[in-house]
Amino acid sequence: MSLVCVLVINCGSSSMKFSVIPQDADQPVLSGLAERLGIDHATMTFKDRDGNTSRVALAEASHQCALHVLFGTLAQQQLLETITAIGHRVAHGGSDFKSSVRVTDEVIEKIRALSALAPLHNPANLMGIEAARALLPALPQIAVFDTAFHQTLSPAAYTYAIPLDYQRDYQVRRYGFHGTSHRFIASEALNALDLDPADHGIVIAHLGNGSSLCAVQNGESVDTSMGMTPLEGLVMGTRCGDLDFGVAAYLAKCTGQSLDALYKMVNSQSGLMGISGLSSDCRTLQEARAAGHERAALAIDVMVHRLARHIGGHVTSLKRFDALIFTGGIGENSALIRELTVQRLQALGLVLDGARNQQMFGGRSGLISKAGSMTIAVIATNEEKMIARDAADIARNL
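Rules used throughout
- Residues numbered from 1 in each chain as written.
- Predicted model: local features only at pLDDT ≥ 70, side-chain atom pairs only at ≥ 80, totals over all residues.
- Heavy atoms only, no water.
- UniProt positions renumbered as here; feature names shortened; annotations may be inferred.
- Phe/Tyr/Trp six-rings, centres within 6.5 Å; stacked < 30°, edge-to-face > 60°.
- Helix = DSSP H or I, 4+ residues; strand = E, 2+ residues; numbered from the N terminus.
- Buried < 20%, exposed > 50% of the residue type's maximum accessible area, 1.4 Å probe, protein only.
- Lys NZ or Arg CZ within 6 Å of the ring centre and 35° of its normal.
- Core = buried A, V, L, I, M, F, W, Y, C linked by side-chain atoms within 4.5 Å.
- Contact = heavy atoms within 4.5 Å.
- Polar contact = N/O pair within 3.5 Å; in protein donor to acceptor, adjacent residues only side chain to side chain.
- Patch = residues over 30% accessible without salt bridge, like charges linked within 9 Å, V, L, I, M, F, W, Y side chains within 5 Å.
- Areas by Shrake-Rupley, 256 points an atom, 1.4 Å probe, with all protein chains shown as cover.
- Salt bridge = Lys/Arg side-chain N within 4 Å of Asp/Glu carboxyl O.
- Pairing = 2+ DSSP bridges.
- Axes fitted to C-alpha atoms, helices over the stretch in contact; angles between N-to-C directions.
- Disulfide = S-S within 2.5 Å.

The protein has the name Acetate kinase in an unreviewed UniProt entry, where Silvania hatchlandensis is given as its organism. Regarding the protein, the relevant UniProt record gives this comment under Function (unreviewed entry): "Catalyzes the formation of acetyl phosphate from acetate and ATP. Can also catalyze the reverse reaction."

Here it is, written out as structure tokens:
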């Protein structure tokens, strides 16, 4: 049987991740990252299925050049002819997109209009979409939205308690993110945890540099921790998460900083980085904590406190609670964060099996709860596979 693949593209403002994923496999045959796009000295790294890597310098520091080099490499390795669709990750779909869609001129204009809600992400996503369409116009291009999975939230869950006119006139409401990861885990959990598809409730903790929770009832998102932007909710690598708006108003008055400057501060200079003054990387902070670094220890304590509090709140959005699932870079690999979090959740019947917890890292999945207690599991996420599935399904039905 000949190889049939989907190319998955995730464009940032200065980077582009890509994966070539066969439709009958979880792992890519080729993946990589283009870096320093729009800056200088741009490079592209390739990684094959055996783990071998190579790096090339890009003649131009643009997304178009990166895709041109990528497509040339795919053609050279006889992979281009295997690609049936291109799946693009798009951060914000607003209320317009409740599922993945084929990219058309109309879809592009809607994504562009939604850039006002995601100015750091949607314009970069569009660069990849438009460059790929220009270079390979015959291939179906599919947009997969981080917000789509959360379009099942009720008005009670997505409405902010400010004058309702702002929601009607400016689309100010909670949207949630990481939906592609949460949807993948919600699907994987059914078999992994032997859940009844028609009667179950889980809380998913996607923890990484960006982190969010999702309460899933019978396969649908009913609550999530991120809001109109990815800033709301948990303490993250450089994002503050929940913050009293009065703090921003007070700091603006005291320091003379503009709202734009404060917005940059809470997005890129806060979270673990802001508290520790050391790093936004949880691994670095765990090592520093073990060595007695007080601010690193405080950063982890604040992160875990907020995480446990939000988990408890998300459980109240469920009709029943069957399992807590950890995923994402930190959720899958940090036994310490899982341990400290579960210690704060004993009132919910959550008790950790310490030995099993220590064994879960590096993509391993399994139960980490003590026998006879509420289910706690680690399940490795695969957002690229989810995007590839959507792209393949839509392309197949064109």
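Pulling in residues and values, what's your account of the packing of aromatic side chains?
Enumeration according to the criterion identifies three aromatic pairs in this entry. Arranged with centres 4.3 Å apart and planes meeting at 10°, the rings of Phe97 and Phe145 form a pair that is stacked. You can see Phe97 sitting in the loop between β6 (83-90) and β7 (101-102) and its partner Phe145 sitting in strand β8 (residues 141-145), a full 48 residues away along the chain. The exposure class of Phe97 is buried, given its relative accessible area of 5%. The ring of Tyr158 carries Arg173 above its face, with NZ or CZ at 3.8 Å from the centroid. The ring of Phe361 is capped by Arg364, whose NZ or CZ atom sits 4.5 Å from the centre of that ring.

Any chance you could break down the nonpolar core for me, citing the residues and the numbers?
Formed by 35 residues in total, the largest nonpolar core has its most connected members in Val203, Leu207, Leu324, Phe326, Ile337 and Ile376. At the level of secondary structure, the elements contributing two or more residues to this core comprise β9 (201-206), β10 (212-217), α10 (282-290), α11 (294-315), β12 (323-327), α13 (335-343) and β14 (375-378). Sequence-distant contacts of Ile337, that is, excluding residues within four places in its chain, are made with Leu207, Cys282, Gln286, Ile300, Met303, Val304, Leu307 and Ile330. If you look at the next biggest cluster of nonpolar residues, it comprises 28 residues, including Cys5, Cys11, Leu70 and Leu79.

How would you sum up the side chain of His206? Please name residues and give values.
Relative to the helices and strands, His206 resides in strand β9. In terms of polar contacts, His206 uses its side chain to reach the side chain of Ser181, at 2.8 Å. Among all residues touching His206, those that are not within four sequence positions of it are His178, Ser181, His182, Ser211, Ser212, Thr327, Gly328 and Glu383.

With reference to specific residues and values, describe a nonpolar patch on the surface.
Residues Ile162, Tyr166 and Tyr170 make up a contiguous nonpolar surface patch of roughly 340 Å² in combined accessible area. Mapped onto the elements of the fold, Tyr170 is located in helix α5 (residues 165-170).

How would you explain the pairing of strand β4 (residues 43-48) if you had to name every residue and give the values?
Pairing between strand β3 (residues 30-35) and β4: six bridges, direction antiparallel. The residue bridging Gly32 from the neighbouring strand is Phe46, located in β4. Taken together, the five bridges between β4 and strand β5 (residues 53-57) define a ladder with antiparallel strand orientation. Bridging across to β5, Thr43 finds its partner in Ala57. Turn length for the β4-β5 hairpin, with the two strands adjacent in sequence and antiparallel, is four residues, and the turn residue Gly51 shows positive phi of about 90°.

Let's hear about the pairing of strand β11 (residues 220-224): which residues, and what values?
Of the pairings in the sheet, the one linking β10 to β11 comprises four bridges and is antiparallel in character. Bridging from a neighbouring strand, Val216 pairs with Ser221 of β11. Taken together, β10 and the strand that follows it, β11, pair antiparallel across an intervening segment of two residues, in which Asn218 is found at a positive phi of about 55°.

Provide a residue-level description of unusual backbone geometry, including the pertinent values.
The phi torsion at His41 lies on the positive side, around 50°, for a residue other than glycine. Among the structural elements, His41 can be located in the loop between β3 and β4. The exposed category is assigned to His41, whose relative accessible area is 67%.

Which residues make up the sheet that holds β4, and what values do they have?
Taken together, the eight strands give an open sheet; going across it, the order is β5-β4-β3-β2-β1-β6-β8-β7, and neighbouring strands pair in mixed fashion. Edge positions in the sheet fall to β5 and β7, since each of these pairs with one other strand and no more. Bridging between β7 and β8 involves two bridges; their strand directions are antiparallel. Residue pairing for β8: Arg102 is matched across the bridge by Ile142. Sitting on the sheet, helix α15 (residues 383-396) is in contact with β1 (5-11), β2 (15-22), β6, β7 and β8, with an inclination near 125° to β6.

An account of the state of the cysteines is needed here, citing residue identities and associated values.
Tallied over the entire structure, the rule returns zero disulfides. Free of any disulfide, Cys11 has its nearest cysteine sulfur in Cys65, 13 Å distant. The exposure class of Cys11 is buried, given its relative accessible area of 5%. With no disulfide of its own, Cys240 has Cys254 as its nearest cysteine by sulfur position, at a separation of 17 Å. Using a relative accessible area of 13% as the deciding quantity, one classes Cys240 as buried.

Which residues make up the pattern of salt bridges, and what are the values?
If you walk through the whole model with that rule in mind, you get 17 salt bridges. The salt bridge partner of Arg320 is Asp199, with a shortest N-O separation of 3.2 Å. Pair noted here: Arg320 is in the loop between α11 and β12 and Asp199 is in the loop between α6 (179-192) and β9, with a separation of 121 residues, a long-range link. Classification of Asp199 by relative accessible area gives partly exposed; the value is 38%. Through salt bridges that share partners, Arg89, Asp146 and Glu383 make up one connected network.

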